[in-house]
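Observations on chain architecture
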Amino acid sequence: MSEITVPELMSRMPKAFQPEKAAGVEAVIQYHLTGEEGGDWIITIKDGQCTVVEGEAEKANMTLTADAQDYKEVILGKTD
């Protein structure tokens, strides 16, 4: 079995979202991941839902910039 990719992780984010922990939150978060498997994703949290689309937000509340492989290792629990 091959290792999960960053795009696969991004596509799984809405299923992992816990709306009860984000009550009243409305945010647009820009992920800018560099290097191999890098790309730009817009995570929108609104009305108890999380959506993820590729692209660049016109106006984000926060931008996370990281190396894609470092991000993946943190999410998968391989590094702090």
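Just above, that's the structure.
None of these values were measured; they are calculated from a predicted model.

**Concerning the pairing of strand β3 (residues 49-54)**
Pairing of strand β2 (residues 39-46) with β3, which is carried by six bridges, proceeds in the antiparallel orientation. From the neighbouring strand, T44 faces β3, where its bridge partner is T51. Connecting β2 to the antiparallel partner β3 that follows it, the hairpin turn spans two residues, and D47 within it adopts a positive phi of roughly 55°.

**Re the sheet that holds strand β1 (residues 27-34)**
Where strands meet in a sheet, backbone hydrogen bonds hold them as pairs that are either parallel or antiparallel. Pairing in this open sheet of four strands is mixed, and the strands run β3-β2-β1-β4 from one edge to the other. Two strands in the sheet have a free side with no partner beyond their single neighbour: β3 and β4 (62-67). Looking at each pair of strands side by side, their axes are set apart by 20° on average, direction ignored. In the sheet, β1 pairs with β2 via seven bridges, with the strands oriented antiparallel. Bridge pairing in β2 links Q30 to I42. Each of β1, β2 and β3 touches helix α1 (residues 6-16); the most contacted strand, β3, lies at about 155° to it. Strand contacts of helix α2 (residues 68-75): β1 and β4, with the helix running at about 100° to β4, the strand carrying the most contacts.

**Side note on unusual backbone geometry**
Not every positive phi belongs to a glycine, and E37 is a case in point at roughly 70°. Position of E37 among the secondary structure elements: in the loop between β1 and β2. A positive phi angle is found at D47, which is not glycine, with a value near 55°.

**Quick look at α2**
Residues of α2 that are buried: A68, Y71 and K72. Buried residues of α2, seen end-on, are gathered within an arc of 100° and therefore sit on one face of the element. Residues of α2 that are buried in the fold lie against α1, β1 and β4. Sitting at the amino-terminal end of α2 is D67, which places a side-chain oxygen 3.0 Å from the backbone nitrogen of Q69. One or two residues past the end of α2 sits G77, with phi positive at roughly 75°.

Calculation criteria
- Residues numbered from 1 in each chain as written.
- Predicted model: local features only at pLDDT ≥ 70, side-chain atom pairs only at ≥ 80, totals over all residues.
- Heavy atoms only, no water.
- Pairing = 2+ DSSP bridges.
- Helix = DSSP H or I, 4+ residues; strand = E, 2+ residues; numbered from the N terminus.
- Axes fitted to C-alpha atoms, helices over the stretch in contact; angles between N-to-C directions.
- Contact = heavy atoms within 4.5 Å.
- Buried < 20%, exposed > 50% of the residue type's maximum accessible area, 1.4 Å probe, protein only.
- Arc of directions from axis to C-beta.
- Polar contact = N/O pair within 3.5 Å; in protein donor to acceptor, adjacent residues only side chain to side chain.

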